[in-house]
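Geometric and topological summary
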Amino acid sequence: MTDKSARVAVLGAGCWGLSTAYHLQKDGYTNITVFDRASELPSNQSAANDLNKIVRAQYSDDFYTDLGLEAIAAWKTEDWAPYFHQTGHLVMLSGYASEKAQGIFGGAANYISNHRTMKGNATLGLDTPEKMREFCWQLTGPLTNFKSYYNRAEGYAHSARAVGGIAEKLKERGVKFVLGPEAGLVEKLFFEGEGEARRCTGFTTHDGTTHNADLVVCALGAYGAQLVPQVGLFSVARCWSVAHIKLTQDECDVLRGIPVVNSMDLGFFFEPDPATRLLKLTPLGAGYSNYGSTQTSLPPLASGDTAQNTALAGYVPQADEVQMRRLLQETLPYLADRPFVEKKMCWFSDTADSEYCIDFVPNTSKSLVVLSGDSGHGFKMMPIFGSWVKTLLEDGQQKLPRWTWRNVDPAQGGADWGGDVSWRFGEAAETSAIVEERQKAEAK
Ligand SMILES: Cc1cc2nc3c(=O)[nH]c(=O)nc-3n(C[C@H](O)[C@H](O)[C@H](O)COP(=O)(O)OP(=O)(O)OC[C@H]3O[C@@H](n4cnc5c(N)ncnc54)[C@H](O)[C@@H]3O)c2cc1C
């Protein structure tokens, strides 16, 4: 699409939707409107509505590693720098790790030691607690049989602030926003024409308003299949636990500047947030889907299951809690028995091969773009992601096979690959098991 005055509607103001608006506005598009169901950004339904996310460059695949390096360079530029913290990244493996996890860690260490740019940033072979403490003296735990390496080029970004801050910048630059559960909640896309002429010409919002657009970009994260049901055949809404510990001012100061501490098999935590004094933890695992009795996994809010939505609020599964406490016992033992606060399940959109989908929906005459399948590694790309949507519009097709739309036969769809994803460990489960577990625990 080359008409820069075309009406572009971006549905979803999470990190990919905003990055798209950012790059299109920068490229001269003058009529961009962003819709989101939340009244304020970041939305509570955005996976990026969180204190922080890891910004790493290292993958096991040069394609994404190069993009990760490009993203880190972009995080250091004027619009993005306020949110980025290059604290370094201590990649670890605990003594509890499975054989699969040991293999992945070994492969990752080997990859970085041979990578043309990254090897210069990495210190490998940290195989004693003393060596690890050279990069994070605050780790007072036993670090029993831990292995580690340190990458000084990586770190984290404050994700909620990045989403809120970039939205404000976009408003100043003329991008329009329609927000809230009435005016901003998109309920249905509509199409005109048949066969080759069929196109998406707009959508309706919860307040009953009809919006016309020349190009509709669906950037709904875990909610994608709600508006474009075929997305649910290759992209599964899945959630992971997030928990926090509220620190005292002194505790917070002690941990200031620590690298991201990331035990591949247990989970990770970040430097505490100085404003809230919260230390955020995430356990690593295969996550939870919500198929129920359907072929599509969606967050309960999207599938209309308000009872489940309420039942999940403020809770994380016990197994995840045990894993996070084990991580703390080994690293920061004085925090291991502290209450977890602000617990939640965070929803993302997961593909079997962890590849993104950035493409036109077939049979829509290039009027409808879907951005989906972040697979839990999409935030770090926020400063550059929208440039790939710009390229898609310029090229009129997705030239990278890995990011194309997947045609899945509905008879085959809905399959759950769960724990088969190479870099995750454990077995995937359904959120109904979490609700059951909570009900049992509360009935005791
Ligand atoms: C626990 C957890 C940890 C993670 N850690 C990392 C990490 O360390 N590093 C990293 O790079 N990535 C990480 N991620 C992944 C990252 O958060 C996602 O890749 C990223 O947020 C995806 O962006 P998105 O724009 O596709 O979706 P989202 O950010 O989820 O945004 C979707 C938006 O769509 C809106 N919406 C939904 N339905 C509608 C509707 N019908 N109408 C209007 N608006 C709607 C929502 O309100 C929301 O604002 C993590 C994810 C989770 C869950």
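Each chain carries its own residue numbering, running from 1 in the direction its sequence is written. Side-chain atom pairs in this predicted model are given and counted only at pLDDT of 80 or more, local residue features only at pLDDT of at least 70, and totals for whole chains, interfaces and linings cover all residues. Calculated side-chain values reflect all of the structure's heavy atoms, with hydrogen atoms and water omitted.

This is how it is decided: UniProt positions are given in the numbering used here, feature names are shortened, and annotations may be inferred rather than shown by experiment.
Going by an unreviewed UniProt entry, the protein chain carries the name FAD dependent oxidoreductase domain-containing protein and comes from Sporothrix stenoceras. Under the Cofactor (unreviewed entry) heading, UniProt states for the protein chain: "FAD". Word for word, the UniProt comment on the protein chain under Sequence similarities (unreviewed entry) is "Belongs to the MSOX/MTOX family."

**Concerning the overall build of the protein chain**
Applicable threshold: Secondary structure elements follow DSSP: runs of H or I no shorter than four residues count as helices, runs of E no shorter than two count as strands, and numbering proceeds from the N terminus. The size measure is the radius of gyration over C-alpha atoms, and the globule rule it meets is 2.2 Å times the number of residues to the 0.38 power. Relative accessible area decides the class of each residue, using a 1.4 Å probe on protein chains only: under 20% of the type maximum gives buried, over 50% gives exposed, and in between gives partly exposed. Note on contacts: a residue pair qualifies if any of its non-hydrogen atoms lie within 4.5 Å across the two residues. Per-residue and other accessible areas follow the Shrake-Rupley method at a 1.4 Å probe size, with only the shown protein chains counted as cover for residues. Counted as positive: Lys and Arg. Counted as negative: Asp and Glu, with His and the chain ends omitted from the count. For this purpose, a charge sits on NZ of Lys, CZ of Arg, CG of Asp or CD of Glu.
Along the backbone of the protein chain there are 12 helices and 22 strands. Radius of gyration (C-alpha) of the protein chain: 22 Å, near the 22 Å computed for a compact globule of 444 residues. Here the C-alpha coordinates of the protein chain stretch approximately 65 × 55 × 40 Å along the principal axes. Counting only residues that meet the buried cut, the protein chain has 57% of its 444 residues in that class. A fraction of 76% describes how many contacts in the protein chain between residues 6 or more apart in sequence connect residues 24 or more apart. Summing over all exposed atoms, the protein chain offers an accessible surface of approximately 17,900 Å²; the carbon and sulfur share of this is 50%. Put simply, the protein chain has 42 plus and 52 minus side-chain charges, and the middle of one group is 3 Å from the middle of the other.

**Some words on the sheet that holds strand E12 (residues 210-212)**
Quick note on the threshold: Paired strands, in this sense, are two strands between which DSSP finds at least two bridges. Simply put, an axis is a line fit to the C-alpha atoms, just over the touching stretch for a helix, and the angle between two N-to-C directions goes from 0 to 180 degrees.
Taken in spatial order, the three strands make up an open sheet running E10-E11-E12, and their pairing is antiparallel. The open sheet terminates on both sides in strands that have one partner only, identified here as strand E10 (186-192) and E12. Recorded for the sheet is a direction-independent mean angle of 30° between the axes of neighbouring strands. As judged from the three bridges shared by strand E11 (residues 199-205) and E12, these two strands associate in the antiparallel manner. Bridge pairing in E12 links Thr 204 to Thr 210.

**Observations concerning the state of the cysteines**
Basically, it comes down to this: For the purposes of this analysis, a disulfide is any pair of cysteine sulfur atoms at a distance within 2.5 Å.
Applying the stated criterion to the full structure yields zero disulfides. In this model Cys 218 remains outside any disulfide bridge; the closest cysteine sulfur is found in Cys 200, 7.3 Å from its own.

**What to know about the site of the ligand**
To be explicit about the condition: Neighbouring residues are identified by heavy atoms, a residue being near a molecule or strand if any of them is within 4 Å of it. Between N or O atoms, a polar contact is any pair within 3.5 Å; within protein, one atom must be a potential hydrogen donor and the other a potential acceptor, and residues adjacent in sequence are included only when both atoms are from side chains. Where a domain begins and ends is set by an automatic assignment or by a domain database.
In the vicinity of the ligand, 32 residues are found, and the nearest of them are Asp 36, Ser 43, Ile 54, Cys 346 and Asp 374. One of the backbone nitrogen or oxygen atoms of Trp 16 is found 2.9 Å away from an oxygen atom of the ligand. Within the backbone of Phe 379, a nitrogen or oxygen atom sits 3.0 Å from an oxygen atom of the ligand. Those elements giving two or more residues to the shell around the ligand turn out to be helix H1 (15-26), strand E3 (53-55), strand E14 (236-246) and strand E19 (341-350). Among the elements that take part in the shell around the ligand, H1 stands out by supplying three residues, more than any other. Here the shell around the ligand gathers at least three residues from each of two domains, domain 1 (1-84 + 156-235 + 352-413) and domain 2 (89-152 + 236-350 + 415-444).

**What about the environment of Ile 434?**
Note on placement: Ile 434 falls in helix H12 (residues 431-443). When sequence neighbours within four positions are dropped, the list of residues in contact with Ile 434 reads Tyr 288, Leu 312, Tyr 315, Pro 317 and Met 345.

**Brief notes about the UniProt feature "domain: FAD dependent oxidoreductase" (unreviewed entry) in the protein chain**
Here the UniProt feature "domain: FAD dependent oxidoreductase" (unreviewed entry) sits at residues 7-389. Across residues 7-389, the secondary structure splits into 27% helix and 27% strand, with the terminal C-alpha atoms separated by 16 Å.

**Concerning the packing of H1 against helix H5 (residues 159-172)**
What counts is decided by this rule: Angle categories: roughly parallel below 35 degrees, roughly antiparallel above 145, roughly perpendicular from 65 to 115, and oblique for all the rest. If you view the pair so one helix is near and one far, a crossing is left-handed when the near helix is turned anticlockwise from the far one by less than a right angle, and right-handed when it is turned clockwise.
Axis separation between H1 and H5 bottoms out at 10 Å; the angle between their running directions is 30°. When the axes of H1 and H5 are compared, the pair comes out roughly parallel. Relative to H5, H1 is oriented so that their crossing is left-handed. Packed against H1, whose contacting residues are Cys 15, Leu 18, Ala 21 and Tyr 22, the element H5 presents Val 163, Ile 166, Ala 167 and Leu 170 at the interface.

**Here we look at the side chain of Glu 251**
The residue Glu 251 is located in helix H7 (residues 249-254) in this model. Note on Glu 251: relative accessible area 14%, which makes it buried. Not counting residues within four places of it along the chain, the set of residues in contact with Glu 251 comprises Leu 335 and Arg 338.

**So, the domain arrangement of the protein chain**
Stated precisely, the cut-off is as follows: A simple way to read buried area is as the amount of 1.4 Å-probe accessible surface that goes missing from two parts once joined, with both sides added. Whenever Lys or Arg places a side-chain nitrogen within 4 Å of a carboxyl oxygen from Asp or Glu, that contact is recorded as a salt bridge.
Taken as a whole, the protein chain is organised into domain 1 (1-84 + 156-235 + 352-413) and domain 2 (89-152 + 236-350 + 415-444). At the interface, 40 residues of domain 1 touch 40 residues of domain 2. Summing both sides of the interface, domain 1 and domain 2 together bury roughly 3,200 Å²; the carbon and sulfur share of this comes to 55%. The partner of Asp 66 in a salt bridge is Arg 116, with the nearest N and O atoms 2.9 Å apart. For the interface between domain 1 and domain 2, the tally reads 15 residue pairs in polar contact (both at pLDDT 80 or more). Elements supplying a minimum of two residues to the side of domain 1 that touches domain 2: E3, helix H2 (62-75) and helix H6 (224-227). The element that contributes the greatest number of residues to the side of domain 1 that touches domain 2 is H2, accounting for four residues.

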